[in-house]
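Chain residues, written in single-letter form:
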Amino acid sequence: MLELKPMLSALWRNKVPALLIALQLALTLAIISNTVVIVKDRIAKIERPTGIAVEEIIAINVMAIPNNYDMIGAVSSDLELLRKLPFVKDATITNQVPLSRSGSAGTFYTQPNQEVGGEVSNRYNTDPNFINTLGLKLVAGRNFTNAEMQYFDPSEIRDINVAVITQQFADKIYPDQDPIGKPLYDGNTSHPIEIIGVIERHLGAWVDWSKAGNVAFFPIVRNTQDVNYLVRAEPGKRDDVLKTLVDKLSERDPQRVIKTRVLSEYVARSYAGDNLMVKVLSIVAATLSFIVALGIVGLTIFWINQRAKQIGVRRALGASRSNISRYFLIENSLIAVTGIALGSAAALIVNQYMVRDYSQPVLTLLPLLICALLVLVVSLAAALAPALRAANISPATATRSV
Amino acid sequence: MIGYYISLALRSLRRTPTLSALMVAAIAVGVGASMTVLTLNYMMSQNALEHKDDVLFAVQLDSWDVNEAANTTNEIPWQLTYRDAQALLRSDIPTHQVAMHRYGFTVELEESAIRPYTADIRVTTRDFFNLFDIPFIYGGTWEKTADSSPMQVVILSKATNEKLFSGEDSVGETVILNSQPFTVIGVIDTWEPSPKVYDVNNGSFTKVESLFVPFGLHRKLEIYSWGNTNGWDSGEGEGYEGFLQSESVWIQYWVELTNKEQKTEYENFLTAYIQGQKDQGRFERPLKFALSKPSEWLVLNEVLSDDNRVLGWVSLAFLLVCVINAVALLLAKFLRKAPEAGVRRALGASRNAIFTQHLIESSTIGILGGIAGILLAFMGISGIRYLAMGQQDTVARMDWVMVIAAIGLALIASLLAGLYPAWRISRTNPSIYLKTQ
Amino acid sequence: MLKMHNVRKSFRTDTIETHALRDFSLEVKEGEFVSVTGPSGSGKTTFLNIAGLLETPTGGQYLLDGEDVSNLNDRQRSRLRNEKIGFIFQGFNLIPDLSLFDNIDVPLRYRGFSAKERRKRIEKVLEQVGLSARAKHLPAQLSGGQQQRIAIARALAGEPRFLLADEPTGNLDSLMARQVMELLEFINEWGTTIVMVTHDPELARRAHRNIQIVDGQVCDLRPVTEQPEAATA
Ligand SMILES: Nc1ncnc2c1ncn2[C@@H]1O[C@H](COP(=O)(O)OP(=O)(O)O)[C@@H](O)[C@H]1O
Ligand SMILES: [Mg+2]
């Protein structure tokens, strides 16, 4: 039998501790539900496909020491050497390392001399081996040929003739059309660049960018002071290949400073901020639940001790063990439900600020409900042990004086 | 009397070790978490140019595309074009002014065992050191002509001087940069502003460059930026000269204006300059420029990110929960001891005495929690260093201010937590605890 | 020593108001040993609590040592309690966490005595109650009678002039009760005024004077010897 009324009046007499627990649960729910949506959002972001064989790729930066170094000559010898190394699948040259947060971008148009209505895209200057080296998937058209390669001085402006772009960029700039054979105009120029191929996916340079995934590739090498190579190793052989790279390249020509870094490290660095949010917020949410649970355990034990005699009397008057534990569990649920009601309101209010001021994701009803359920479970689980213990108080307590 | 209370507090804590440990842990975790995040936010909110905040200004000119505003918080490009920077340098209104950008060189010494390496360079005008108050150990900055004509001189950071010349006075020595000989004319002392307020383009918490070369070298060495170069117009000029004359922005510009009149005069100068450029068909957007103090510059550049702010709030809310938790537990604990307080009252303790005794007990918990919290915060901060992969090393560290703040926070937290329970027990009527049922 | 005139005390709860004392008037002289009897719930404890400055009366006048104490603040009342009044309870009310020595130390601490003075006094009262050897023990390690003797020692340590005892023998068997009573009489002989609530007619008779409280009022003032058996409910 439920004795809700006496329970409520007993709670009312202990209102401060009860309220403190409800308040803790409310704050916990408000914090956890908001962190959960942030964490979920960030995990989804981190786990986005990059389109690139990140784990197998090594990035090499080669910087010439002499000032008038023949970089273009060096590049072909270097690439030839790299491609012949054992366990190397392929190698390519690029102006910037993908997913490294360094990159360049430009606006492209579908009409010559256009000034508005273009689409921004990352741009990479590379060679025909880039598809194989990055592990990209060509979904339409064709790759560059070696005959299409162009070699420029650093700020020489020469017309580019062909481009390979990502599916995402193609969908944006030529929605619902076959992009193959269509022109691209670099800025407000009048020279058409023909789209010759489409690759499935490439996340580009900046993982935080709203347009990440808009990428265009051009068959160009510029004669700069430093260049970047990407080397793809056989699966599992990346670290073996990495060890020999610097020596092999320096051996070929000692007039350069050579630095290497695996692509997975660039990616980890790109996502370091998101990863930090995920870790810190998860730890906070977990510790918070734990602390609140401990608090509930402590307070329930205290209450039960306070009422040991009363419980004994009830037992002596015929209450069963389960009557007693049920009493405390129902009491706890009453507190928890109050806390959850308060907390849900707080969570939604807090989330409005999170969305408005700190550009965090919206808290929808489902995650809120799940978190509320979680808080209820934590609260009940915390009360369970003391409640069961209360049931073990012997009816003899009633006859014993303090 | 305080001594008596403290001994009572310790005795009481030992009486209920689990409950006490729980409360200490609650405060420690709350303080640890919030201090970790607040330290980070505090360090990120530092302004190394605080002392010159009223006289230094970052210059922005809106030279951007007429069709589309620049993608920055104030819709003016962060940096200037080379030609605008050169034009501004000709003004003699500012007390000091700096045009600069980041670059990289290979570094080697003649006949030295040191392997050639690449280093971050700052290409800048001579006022850089004056304007930012950077102290020299040896030598000094270059002469003014080096800002406009090529002079192969270099100023080393203290660390570079130690690496190349074992910290000796290296003025007059030669360093080979990109196989060109450069003469050392100065060595600066350690200077590590964090956030790197003078150039936040490539991360706000990165290291200061290790070598400094004059702004007059661009054409001779065909220097590009190693920072950000942003353009909107593909331009028509050919070759390196074409790049210098293009609309690409890549130069950071700072001025020192010591008083209001000077500032007004400079603003008029900028207005006139932009007007003049408009007449030549440039600056097609509405006339707009900005002079931002270092403190404003840090805010504009969102050095303290939204994520950091979220973490700050979350950690404070976390601390709040921990405090409420401690309130509940302390209340339970104190009320259990209510009969004892009743006896003490009967034996002559005033309400104040009971209140003080219990407040001291909760402060003891606070101090223990604070100490544990600081240890946790140190762990938290190394955790963040690890997670940030070295990108926050200059901010993820605790200084004395923060250690003291942590102790203060713990004390305030536990005093707050203890206030109500102590008050509550000091107010309860002793007589009800003295009778036997 | 103690003079109450028309003292009233009522307790108000949500629903009802209980009048624990009504127009309660009483005078206790310096050096007297007064026993208080009366049915349960008649207001004996309430009277002692007011006399001991633990509670404030709702109305009426209370003079302690000729001083009107109704308008004193908490600090002043605590000080008077500490210096002039000693308490003994039915439930002993020793602090379970403190050793006997530390229990007796409690009122002396609030008195602000030096460590040396406190030690001297504690050792003296421990000797008086014959428990010097047990100073380091915890209350739980003593029998009920011994606990009550320590409680008396604690009440005596501050050398109060006024000792209030609420059923001090209520939890003790008759032998121990007699020992405690002898101790109280001994203390009284040395000049301490004592007011003792008891249910034990024999003990009540041993006091100089017995007053009976019924329904919150002093019912009758008669010489102890004429007390009828029936009065001790
Ligand atoms: N704190 C209190 N709140 C409400 N009523 C009280 C309180 N203390 C005592 N009373 C009431 O005052 C009356 C006198 O109580 P008390 O002085 O304890 O009686 P006695 O000690 O003679 O048994 C009783 O009716 C009791 O219920
Ligand atoms: Mg009584």
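Residues numbered from 1 in each chain as written. Chains lettered and ligands numbered in written order. Predicted model: local features only at pLDDT ≥ 70, side-chain atom pairs only at ≥ 80, totals over all residues. Heavy atoms only, no water.

As for the packing of helix H2 (residues 15-46) of chain A against helix H10 (residues 321-358) of chain A
Residue and element names in this part refer to chain A.
Next, step 1: Where H2 contacts H10, the two axes come as close as 7 Å, and the packing angle between them is 40°. Put simply, H2 runs oblique to H10. Of the two possible hands of crossing, H2 and H10 adopt the one that is right-handed. The segment H2 lies against H10, with Ala18, Ile21, Ala22, Leu25, Ala26, Leu29, Ala30, Ser33, Asn34 and Val37 engaging Ile335, Ala336, Gly339, Ile340, Leu342, Gly343, Ser344, Ala346, Ala347, Val350, Asn351 and Met354. (Axes fitted to C-alpha atoms, helices over the stretch in contact; angles between N-to-C directions. Helix = DSSP H or I, 4+ residues; strand = E, 2+ residues; numbered from the N terminus. Parallel < 35°, antiparallel > 145°, perpendicular 65-115°, else oblique. Left-handed = near helix turned anticlockwise from the far one by under 90°. Contact = heavy atoms within 4.5 Å.)

A look at helix H5 (residues 144-157) of chain C
Residue and element names in this part refer to chain C.
Next, step 1: With 14 residues, H5 ought to run about 20 Å at 1.5 Å a step, and its terminal C-alpha atoms sit 20 Å apart, in line with that.
Next, step 2: Of all 14 residues in H5, 13 are buried; the element is thus mostly enclosed.
Next, step 3: In the stretch just after H5, Glu159 is the one whose phi turns positive, near 50°. (Expected span 1.5 Å × (residues − 1). Buried < 20%, exposed > 50% of the residue type's maximum accessible area, 1.4 Å probe, protein only.)

Topic: the site of ligand 1
Next, step 1: Taken together, the neighbourhood of ligand 1 is formed by 13 residues, with Gly41, Gly43, Lys44, Thr45 and Thr46 of chain C sitting nearest.
Next, step 2: The site occupied by ligand 1 is bordered by residues of chains B and C.
Next, step 3: Here an oxygen atom of ligand 1 and a backbone polar atom of Lys44 of chain C are 2.9 Å apart.
Next, step 4: Those elements giving two or more residues to the shell around ligand 1 turn out to be strand S2 (17-28) and helix H1 (44-51) of chain C.
Next, step 5: In the shell around ligand 1, the residues fall into 4 nonpolar, 7 polar and 2 charged. (Near = heavy atom within 4 Å. Polar contact = N/O pair within 3.5 Å; in protein donor to acceptor, adjacent residues only side chain to side chain. Nonpolar A, V, L, I, M, F, W, Y, C, P; charged D, E, K, R; others polar.)

Let's talk about the interface of chain B and chain C
Next, step 1: Listed as interface residues are 25 residues of chain B and, on the opposing side, 23 residues of chain C.
Next, step 2: With both chains or domains summed, chain B and chain C bury close to 2,300 Å², and 58% of this area falls on carbon and sulfur atoms.
Next, step 3: The partner of Arg345 of chain B in a salt bridge is Asp74 of chain C, with the nearest N and O atoms 3.1 Å apart.
Next, step 4: Here chain B and chain C share 8 residue pairs in polar contact (both at pLDDT 80 or more) between them.
Next, step 5: Of all the elements in the fold, those that place two or more residues in the side of chain B that touches chain C are helix H1 (2-15), helix H11 (338-346), helix H12 (351-387) and helix H14 (431-434) of chain B. (Buried area = accessible area lost by both parts, 1.4 Å probe. Salt bridge = Lys/Arg side-chain N within 4 Å of Asp/Glu carboxyl O.)

Description of the domain arrangement of chain B
Next, step 1: Entries for chain B in the domain assignment read domain 1 (2-45 + 305-436) and domain 2 (50-300).
Next, step 2: Taken over C-alpha atoms, the centre of domain 1 of chain B sits 49 Å from the centre of domain 2 of chain B. (Domains from an automatic or database assignment.)

So, the sheet that holds strand S1 (residues 2-12) of chain C
Residues and elements named next belong to chain C.
Next, step 1: Spatial ordering of the open sheet is given by S2-S1-S4-S5, a layout of 4 strands whose pairing is antiparallel. The sheet is open, and its two borders are formed by S2 and strand S5 (67-68), each paired with just one other strand.
Next, step 2: Against the sheet, H1 touches S1, S2 and strand S4 (59-64), its axis set at about 120° to S1. (Pairing = 2+ DSSP bridges.)

Points about a nonpolar patch on the surface
Next, step 1: Judged by side-chain polarity, Ile2, Ile6 and Leu10 of chain B come together as a nonpolar surface patch covering roughly 240 Å² of accessible area.
Next, step 2: The residue Ile2 of chain B is located in helix H1 in this model. (Patch = residues over 30% accessible without salt bridge, like charges linked within 9 Å, V, L, I, M, F, W, Y side chains within 5 Å. Areas by Shrake-Rupley, 256 points an atom, 1.4 Å probe, with all protein chains shown as cover.)

Focus on the arrangement of the chains
Next, step 1: Considering every one of the 2 pairs of chains in contact, the largest contact total is recorded for chains A and B.
Next, step 2: Between chain A and chain C there is no contact; the minimum C-alpha to C-alpha separation amounts to 9 Å.

Some points on the interface of chain B and chain A
Next, step 1: Between chain B and chain A, the contact holds 56 residues from the first and 57 residues from the second.
Next, step 2: Carbon and sulfur atoms make up 67% of the area that chain B and chain A hide from each other, which totals about 4,800 Å².
Next, step 3: Inspection of the region where chain B meets chain A yields 1 salt bridge.
Next, step 4: Note that Asp307 of chain B is salt-bridged to Arg42 of chain A, the shortest N-O span being 2.7 Å.
Next, step 5: At the junction of chain B and chain A, the tally comes to 9 residue pairs in polar contact (both at pLDDT 80 or more).
Next, step 6: Counting residues per element, the ones that place at least two in the side of chain B that touches chain A are helix H2 (17-44), strand S3 (96-108), strand S4 (117-124), helix H7 (239-245), helix H10 (306-336), H12 and helix H13 (400-427) of chain B.

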